[in-house]
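Remarks on the overall topology
Listed below are the residues making up each chain.
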Amino acid sequence: MNKTIMITGANSGIGKETARQLALLQETEKIYLACRSIVKAEVAKKELIESTGRDIFEIIIMDVSQPETVRKAIQEFNGTVDALIENAGGTGGKTPERLTKDGVTELTASNLLGHVVLVDELLKANKLNNVVLFASSEAARGIKKMGMLRPNLETSSTEEFISVFNGSKFGNNFDAFQIYGWIKYGGSLWISSMARKHPNIKFLSMSPGATRGTGGMDDLSFIKRIFLKHIGMKFIMPMLGLSHSLESGAQRFVEGINNPFYKSGKFYASKKNVLTGKMIDQGTIWSDLDNSKFQENADNAIHSFIA
Ligand SMILES: NC(=O)c1ccc[n+]([C@@H]2O[C@H](COP(=O)([O-])OP(=O)(O)OC[C@H]3O[C@@H](n4cnc5c(N)ncnc54)[C@H](OP(=O)(O)O)[C@@H]3O)[C@@H](O)[C@H]2O)c1
């Protein structure tokens, strides 16, 4: 049973809605809202208390693109976490290609690096009990309908993953909309590697699916934003039954941590060619996701950026 839950990026979008749904479950005793902005976190906390009638939310300040803030937060953290939902992320802000002082792109830092540090720090402090869910995306295995290509690695070696994480693989052609899927792919492989190393904890990745009403595409270029977010997500995709509500997106994460149907080491997302509906093990669509050598390589590569 997951009584204490930590959610990164919990002040808006799917993270906040997941917090709301979990607070409505009787067994939930505490929800840690891990956010980078105290102002936004306070507003979200107030709204969550009002909408659920439960005063069980505690703010933890961390910016997952800055590992030192994650380390500090966990050093000062007195509780324990039954379920960790690593939800923060997106297309990497306004400068996704820029390198952080840890040597990864901001796209990698905000989706993956800080989340790896967060798990390592919680494990080191013996503060992680049951389950870790990493927010991945169908983009990790390619979304043909949205023009997002499947990550096309040559050898999937540790060196190649390093070049993905620091952006050198892409040279001057850094298109965050495409590379986002590569980073989520690396994250899903890392999670599967962790599942083998820690059989007592459930490690899984899951996509919320194409979810309307979030800030998810706000950092894309003007044209892409207008086309994908304001026309595609709002009108075309709902009409074609290709997207779902915020409630449905968050519901996936609630199921992911609580339902034993979802197994450790796996990546669950929508069926082939769709972005909503029933979730399946993505290894059945693309076997590279189940390749234990690739999983180790992604894990080693991301850890090479951690001091
Ligand atoms: N929406 C979809 O259709 C969809 C589909 C597949 C996967 N996903 C994944 O689902 C997750 C949630 O997406 P969403 O659509 O709910 O996005 P969103 O509305 O943009 O919310 C993202 C949240 O993450 C936080 N965040 C971003 N970078 C952070 C950082 N460095 N440190 C701490 N918090 C940070 C944001 O905080 P601020 O308010 O401070 O920016 C915000 O609270 C993401 O990982 C996304 O890639 C979404």
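What you see is a predicted model, and the numbers here were worked out from it, not measured in a lab.

1. What about the site of the ligand?
Within the structure, the ligand sits among 29 residues, and Arg36, Asp63, Tyr180, Thr214 and Gly215 are positioned closest to it. Contact between the ligand and tyrosine 180: an oxygen atom at 2.6 Å from a side-chain N or O atom of the residue. Side-chain polar atom of threonine 214 to an oxygen atom of the ligand: 2.7 Å apart, as the coordinates give it. Here the ligand loses 89% of its free accessible area of 900 Å² to cover by the protein chains. For the shell around the ligand, the secondary-structure elements that each account for two or more residues are helix H1 (13–23) and helix H6 (176–197). Among the residues forming the shell around the ligand, the class breakdown is nine nonpolar, 16 polar and four charged.

2. Regarding empty space enclosed by the protein
Counted according to the given criterion, the structure contains one cavity of 30 Å³ or more. Computed from the structure, the largest cavity encloses a volume of approximately 40 Å³. Surrounding the largest cavity, Ser188, Ser192, Gly265, Lys266, Phe267, Asp281, Gly283, Leu289 and Asp290 form its lining. Taken together, the residues that form the lining of the largest cavity break down as two nonpolar, four polar and three charged.

3. Structural notes on the sheet that holds strand E1 (residues 4–8)
Across the sheet, eight strands lie side by side as E3-E2-E1-E4-E5-E6-E7-E8; this open sheet has mixed pairing. Only two strands of the sheet have a single partner each, and these edge strands are strand E3 (57–61) and strand E8 (279–281). Strand-to-strand twist of the sheet, defined as the mean angle between neighbouring strand axes without regard to direction, takes the value 20°. Against the sheet, helix H8 (residues 246–258) engages strand E4 (81–86), strand E5 (128–135), strand E6 (202–206), strand E7 (267–270) and E8, with an angle of about 160° to E6.

Each value, and the rule that gives it
- Residues numbered from 1 in each chain as written.
- Predicted model: local features only at pLDDT ≥ 70, side-chain atom pairs only at ≥ 80, totals over all residues.
- Heavy atoms only, no water.
- Near = heavy atom within 4 Å.
- Polar contact = N/O pair within 3.5 Å; in protein donor to acceptor, adjacent residues only side chain to side chain.
- Areas by Shrake-Rupley, 256 points an atom, 1.4 Å probe, with all protein chains shown as cover.
- Helix = DSSP H or I, 4+ residues; strand = E, 2+ residues; numbered from the N terminus.
- Nonpolar A, V, L, I, M, F, W, Y, C, P; charged D, E, K, R; others polar.
- 1 Å grid on protein atoms, 1.4 Å probe; cavity = no way out; pocket = protein on both sides within 12 Å on 5 of 7 lines; lining within 4 Å.
- Points joined across faces, edges and corners; volume = space filled by probe spheres on them.
- Pairing = 2+ DSSP bridges.
- Axes fitted to C-alpha atoms, helices over the stretch in contact; angles between N-to-C directions.
- Contact = heavy atoms within 4.5 Å.

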